Amino acid sequence: MNQIASQIKEIESQLDNQVRLIAVSKRQGNEKILEAYNAGFKRFGENYVQELVSKQEELPKDIEWHMIGHLQSNKVKYIAPFVSLIHSVDSFKLLKEINKQALKNDRVINCLLQVHIAKESTKTGFDKNELVEALKTGLDTLPNVRIIGLMGMSTLTDDENEIETEFKGLKTLFDEVKNNNPELPLTELSMGMSGDWPLAVKNGSTLIRVGSAIFGKRL
Ligand SMILES: *Cc1c(COP(=O)(O)O)cnc(C)c1O
């Protein structure tokens, strides 16, 4: 087994069947993605629209592509035909545009609402009030998006207590939102990356987004 495939196996062996791994392949070459694919792994995450589109064109068509990076409204049209899940919906304007492009493609696109949990202001996402508002409005007026959960990114820090506090906060919010919207299929909580996924899983993550721990350093 190659290095990449064995890293994936190693991580997956530590997950129960509530939790799925997304291999974050941004700024990694197609040959690395194929190493994972040829070992049977088909779920990849990308951050940049242009890179995602060219990889989708070049690589096998049964790959499940996740958009995890900040997404500009004017670029939604490029990924709408094929994207499997958009993790990084950080505004209602973006959600409306995804609905519009999904309709054009005769699809319903699965989305997660990104919540701002980190200390850095450079990280984007809804705050709690905006989230409640978006869920209410999104439901009634946007039939071509399906909101299936929440996503968050912790602060970049070595302080595990800080990270755990942020994950716990997001899990609490997720449970609250689920209870208040029983009609929504809210099943996914996307949190955890190479440095903090065990902590995320411990605190209720269902989707972990792991890049460098699988593929090594990015270009
Ligand atoms: C790059 C990225 C990841 C993966 O980061 P690693 O530290 O390499 O695992 C996960 N989520 C998001 C949103 C990212 O941008």
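Structure's up top.
What this report covers is the structure whose coordinates are included nearby.

Observations regarding the packing of aromatic side chains
Okay, so step 1: Scanning the entire structure with this criterion turns up two aromatic pairs.
Okay, so step 2: When the centroid spacing of 5.6 Å and the interplanar angle of 85° are considered together, the rings of Phe41 and Phe44 count as edge-to-face.
Okay, so step 3: Using a relative accessible area of 7% as the deciding quantity, one classes Phe41 as buried.
Okay, so step 4: Pairing Phe44 with Trp65 gives two aromatic rings, centres 6.0 Å apart and planes at 40°, and the pair type is tilted. Of the two residues, Phe44 is situated in strand β2 (residues 43–46) and Trp65 in strand β3 (residues 64–67); the sequence distance between them amounts to 21 residues.

Some words on the site of the ligand
Okay, so step 1: In the vicinity of the ligand, the residues found are Val24, Lys26, Asn47, Ile68, Met153, Met193, Ser194, Arg209, Val210, Gly211, Ser212 and Arg218.
Okay, so step 2: At 2.8 Å, a side-chain N or O of Lys26 approaches an oxygen atom of the ligand.
Okay, so step 3: Between Gly211 and the ligand, the recorded distance is 2.8 Å, taken from a backbone N or O atom to an oxygen atom.
Okay, so step 4: Relative to its unbound accessible surface of 390 Å², the ligand loses 91% to contact with the protein.
Okay, so step 5: A breakdown of the residues in the shell around the ligand according to their chemical character gives five nonpolar, four polar and three charged.

A short note on the pairing of strand β5 (residues 109–115)
Okay, so step 1: Within β5, seven of the seven residues are buried, which leaves it mostly tucked inside the rest of the structure.
Okay, so step 2: The alternating pattern of β5 places Ile109, Cys111, Leu113 and Val115 and Asn110, Leu112 and Gln114 on opposite faces, both of which are buried.
Okay, so step 3: Where the polypeptide runs from strand β4 (residues 85–89) across helix α5 (residues 92–104) and back to β5, its parallel neighbour, the crossover connection is right-handed.
Okay, so step 4: Where β5 meets strand β6 (residues 145–152), seven bridges bridge the pair, whose relative direction is parallel. Its bridge partner lying in β6, Val115 is registered against Gly152.
Okay, so step 5: Crossover handedness for the path β5 to helix α6 (residues 128–141) to β6: right-handed.

Observations concerning the environment of Leu173
Okay, so step 1: In this structure, Leu173 sits in helix α7 (residues 160–180).
Okay, so step 2: The class of Leu173 is buried, set by a relative accessible area of 11%.
Okay, so step 3: Apart from residues no more than four positions distant in its own chain, Leu173 is found in contact with Val115, Lys128, Leu131 and Leu150.

Structural notes on the nonpolar core
Okay, so step 1: Ile79 and Leu113 are the most contacted members of the largest nonpolar core, which has 61 residues in total.
Okay, so step 2: Residue contributions to this core peak at six residues, all from α7.
Okay, so step 3: Those residues in contact with Ile79 that lie beyond four places of it in its chain are Val49, Leu52, Val53, Met67, Leu71 and Ile86.
Okay, so step 4: With six residues, the next largest nonpolar core counts Ile22, Leu112, Met151 and Leu207 among its residues.

Things to note about the side chain of Glu51
Okay, so step 1: Here Glu51 lies in helix α3 (residues 49–58).
Okay, so step 2: A distance of 2.6 Å separates a polar side-chain atom of Glu51 from the backbone nitrogen of Arg27.
Okay, so step 3: Setting aside its immediate chain neighbours within four residues, Glu51 contacts Ser25, Lys26, Arg27, Gln28 and Glu46.

Topic: the pattern of salt bridges
Okay, so step 1: Scanning the model with the defined rule gives eleven salt bridges in all.
Okay, so step 2: Glu176 is paired through a salt bridge with Lys128; the nearest N and O atoms lie 2.9 Å apart. Of this pair, Glu176 sits in helix α7 while Lys128 is found in helix α6, placing the two residues 48 residues apart along the sequence.
Okay, so step 3: Judged by its relative accessible area of 42%, Lys128 is partly exposed.
Okay, so step 4: One salt bridge in this structure joins Lys202 and Glu164, with 2.9 Å as the shortest N-O distance. Residue Lys202 is found in helix α8 (residues 197–202), and its partner Glu164 is found in helix α7; the two are separated by 38 residues along the sequence.
Okay, so step 5: Judged by relative accessible area, which is 14%, Glu164 ranks as buried.

So, how was this worked out
- Residues numbered from 1 in each chain as written.
- Predicted model: local features only at pLDDT ≥ 70, side-chain atom pairs only at ≥ 80, totals over all residues.
- Heavy atoms only, no water.
- Phe/Tyr/Trp six-rings, centres within 6.5 Å; stacked < 30°, edge-to-face > 60°.
- Buried < 20%, exposed > 50% of the residue type's maximum accessible area, 1.4 Å probe, protein only.
- Helix = DSSP H or I, 4+ residues; strand = E, 2+ residues; numbered from the N terminus.
- Near = heavy atom within 4 Å.
- Polar contact = N/O pair within 3.5 Å; in protein donor to acceptor, adjacent residues only side chain to side chain.
- Areas by Shrake-Rupley, 256 points an atom, 1.4 Å probe, with all protein chains shown as cover.
- Nonpolar A, V, L, I, M, F, W, Y, C, P; charged D, E, K, R; others polar.
- Right-handed = clockwise from strand over helix to strand, strands pointing away.
- Pairing = 2+ DSSP bridges.
- Contact = heavy atoms within 4.5 Å.
- Core = buried A, V, L, I, M, F, W, Y, C linked by side-chain atoms within 4.5 Å.
- Salt bridge = Lys/Arg side-chain N within 4 Å of Asp/Glu carboxyl O.

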